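Here is what each chain is made of, one letter per residue.
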Amino acid sequence: MKQQRSTISYFLESIILSLVGLSAAFYLGFHSGGMPMGLAFLLTTTLLACLETSVSLDNAVVNATVLRVMSPFWRIMFLTVGIAIAVFGMRILFPILIVSVAGNMPFAQSWVIATTQPDEYRHIMEGSHMGIMGFGGTFLLMVALTYFLNKEKETHWLPFIERFFVKAGSVENAAASMTIGFVMLTTLFLPSAERYVFMISSLSGFAVHALIDVLKHIVGGGDIVTVAGRNGLVGFFYLEVLDSSFSFDGVVAAFAITNKFWLIAIGLGIGALFVRSMTVYLVEKGTLEQYKYLEPAAFWAIGFLVLVMFMSAAGHHLPGGEVTTGLASMVILGAGVLTSIIQKRIEDKLRACRQETT
């Protein structure tokens, strides 16, 4: 009989690596300014890690819906190669590439700017905000709409709205049409000088999602969960792009807290580790089966994040920034869990009543 893992065991590796990362952040501060600076660096990195984790809870839930049908080999790939891409690729190399492309400079020079010229690094990254929001927001919007417009979707958390989406899904290219319409509407609120960048980046996000659709059809078609169970490589690619889209917002938003490259990399990297651990926990504990409304709640949280990203592109930011976004995601997911518990109790009582009458 297989021994059941304790809850803490799912997060043990993330906790150990987080302690290593936080120790490194403290050392960097202590080395540059003594104990006060060390404590300040430690607090800043901890705050970044907590924000990244809270904002990405819906990411963990969506990851779990795909990962639970993948083979053990691809699960291992997601937890090894995938975490390397998430931590080193998206939190370290990706910002450097943005600086390199935006500043039209060699990678080595952009590395020097990011690691030694924090003010210039912040300026370049914030200048790339429009393109990042366009790509990430459009891809995530397609992810959410593809889920809600699925004609085979049976579980409805908000029945009136979600049943309407299912009916709308019978229209050909409904998700694409709605996404294009939402992007075009957003451009009306952008400065004319920024519209081209936003449109091109949004088109790129749309194209990447379309590429995944092409790959899905090549391996037999179906929704992403079905395809991931059939072909782990397509599922792995989908999860990595999904993770990247979630991380875009966090990389830019981190500058509201600090412009120190290594603190951002360590803080967001810790968040990525815990998202991976949470994903595995949700899969192996069968949490999605226990709480039937958690999955649709996660996709509503994605919809909220898309709205925040597009509003941010238009220059309208939520009070509290990432803190507000993270809290809102937690509230939406919490509501999904709570309503799942209530619904299960109602169903159990009805089942008991039927048994008594028979």
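Residues numbered from 1 in each chain as written. Predicted model: local features only at pLDDT ≥ 70, side-chain atom pairs only at ≥ 80, totals over all residues. Heavy atoms only, no water.

Attention now goes to the confidence of the model for the chain. In this model, the chain carries a mean pLDDT of 85, and residues with pLDDT of at least 70 account for 99%. In the model of the chain, helix H12 (residues 232–253) stands out as the element of lowest mean pLDDT, 80, in contrast to helix H9 (residues 174–187), which has the highest, 91. (pLDDT = per-residue confidence, 0-100. Helix = DSSP H or I, 4+ residues; strand = E, 2+ residues; numbered from the N terminus.)

Core analysis: the largest hydrophobic core is formed by 84 residues, its most contacted members being Met-70, Leu-140, Tyr-238, Leu-242 and Ile-302. The biggest single contributor to this core is helix H7 (residues 129–148), with 13 residues. Setting aside chain neighbours within four positions, we find Met-70 in contact with Arg-75, Ala-228, Gly-232, Gly-235, Phe-236 and Leu-239. (Core = buried A, V, L, I, M, F, W, Y, C linked by side-chain atoms within 4.5 Å. Buried < 20%, exposed > 50% of the residue type's maximum accessible area, 1.4 Å probe, protein only. Contact = heavy atoms within 4.5 Å.)

It is worth spelling out the packing of aromatic side chains at this point. This model, assessed by the stated rule, comprises 19 aromatic pairs. In textbook terms, an aromatic cluster arises when at least three aromatic residues are bridged by ring pairs, as seen for Tyr-147, Phe-148, Phe-164, Phe-165, Phe-299 and Trp-300. Above the plane of the ring of Phe-78 lies Arg-276, whose end atom (NZ or CZ) is 4.0 Å from the centre. (Phe/Tyr/Trp six-rings, centres within 6.5 Å; stacked < 30°, edge-to-face > 60°. Lys NZ or Arg CZ within 6 Å of the ring centre and 35° of its normal.)

Let us now look at a nonpolar patch on the surface. Together, Tyr-27, Leu-28, Leu-93, Leu-97, Phe-107, Trp-111, Val-112 and Trp-262 line one region of the surface with nonpolar side chains, adding up to about 710 Å² of accessible area. Counting only elements with at least two residues in the nonpolar patch, the list comes to helix H1 (7–55), helix H4 (81–102) and helix H5 (107–116). For the nonpolar patch, the element with the highest residue contribution is H5, accounting for three residues. By the element assignment, Leu-28 lies in helix H1. (Patch = residues over 30% accessible without salt bridge, like charges linked within 9 Å, V, L, I, M, F, W, Y side chains within 5 Å. Areas by Shrake-Rupley, 256 points an atom, 1.4 Å probe, with all protein chains shown as cover. Salt bridge = Lys/Arg side-chain N within 4 Å of Asp/Glu carboxyl O.)

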